[in-house]
Amino acid sequence: MHWSCATNITGYTEYTCECKKKGRKCQGIITFIRNDIVGEVTHLDCHPTDILKATIWYGNHKLTVFNIYCPPDQTLNFPDPTITFKKTVLAGDFNGHSPLWGYTDEDDTGRKIEELCQATNLFLLQDENSPKTLLHRRHGTLHRPDLSLVSGDLENHCSEELLEDIASAPRPILTKINIIKRRIR
């Protein structure tokens, strides 16, 4: 999630980007983890892309969630894009263009996202028919800079919902992962 100001969500712990500590311009990404879920968040150094990696445990399940922001004038930088992902979500404001998710053009970040999906077991949850999340006020046009990619083992267990504006632009996407919490015996 990309935010321009501090936000408090009751029942969640906030983890912010550490770019400013390293003397770089931080884009303001924040990851929230619900307080009843065990998790840890680390900042990955992938300049110019801001990435927070959250490892969360829910019952017997371990999930890895990457919160990503790639500035519009930059190209996506992601560490080791050749690994096999397990129970993994990559989500955020990628600012990548591709006809696969509704743009009429393609840019370097769009090509990198396409290559990431072709070279790994990641699947893009959006397509050209998915709702657009950003109204470009100056041009009056709608865009889809926000994307969610999930590993193959989660693809059939995910659903998404575009949330109403909660003081952020673009509108947030709620990605639900339906995992049954099993009791440990």
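Everything below is about the structure printed above this text.
Parameters and conventions
- Residues numbered from 1 in each chain as written.
- Predicted model: local features only at pLDDT ≥ 70, side-chain atom pairs only at ≥ 80, totals over all residues.
- Heavy atoms only, no water.
- Helix = DSSP H or I, 4+ residues; strand = E, 2+ residues; numbered from the N terminus.
- Expected span 1.5 Å × (residues − 1).
- Buried < 20%, exposed > 50% of the residue type's maximum accessible area, 1.4 Å probe, protein only.
- Arc of directions from axis to C-beta.
- Contact = heavy atoms within 4.5 Å.
- Polar contact = N/O pair within 3.5 Å; in protein donor to acceptor, adjacent residues only side chain to side chain.
- Phe/Tyr/Trp six-rings, centres within 6.5 Å; stacked < 30°, edge-to-face > 60°.

1. Structural notes on helix H1 (residues 108-119)
Now for step 1: For H1, built from 12 residues, the straight-helix expectation of 16 Å at 1.5 Å per residue is met to within 8% by its first-to-last C-alpha distance of 16 Å.
Now for step 2: Among the residues making up H1, those that are buried are Thr109, Gly110, Ile113, Glu114 and Leu116. Within H1, the buried residues cover an arc of 155° as seen down the axis, which keeps them to one side. For H1, exposure combined with an orientation more than 90 degrees from the buried face picks out Gln118 and Ala119.
Now for step 3: In this fold, the buried residues of H1 make contact with strand S6 (88-93), strand S7 (122-124) and strand S10 (146-151).
Now for step 4: If you check the start of H1, you find a side-chain oxygen 3.3 Å away from the backbone N of Thr109, and it comes from Asp107.

2. Concerning the packing of aromatic side chains
Now for step 1: As enumerated under the stated definition, the model contains 2 aromatic pairs in all.
Now for step 2: With a centroid separation of 5.2 Å and 75° between ring planes, the pair formed by Phe66 and Phe78 is classed as edge-to-face. Placement of Phe66 in strand S5 (residues 61-69) and of Phe78 in the loop between S5 and S6 is noted, with a sequence separation of 12 residues between them.
Now for step 3: Residue Phe78 is classed as buried on the basis of its relative accessible area, which comes to 10%.
Now for step 4: On the basis of an interplanar angle of 50° and a centroid distance of 6.3 Å, the ring pair of Phe78 and Phe85 is categorised as tilted. The two residues Phe78 and Phe85 agree in class, both being buried.
Now for step 5: Cluster of aromatic residues (ring-pair linked, three or more members): Phe66, Phe78 and Phe85.

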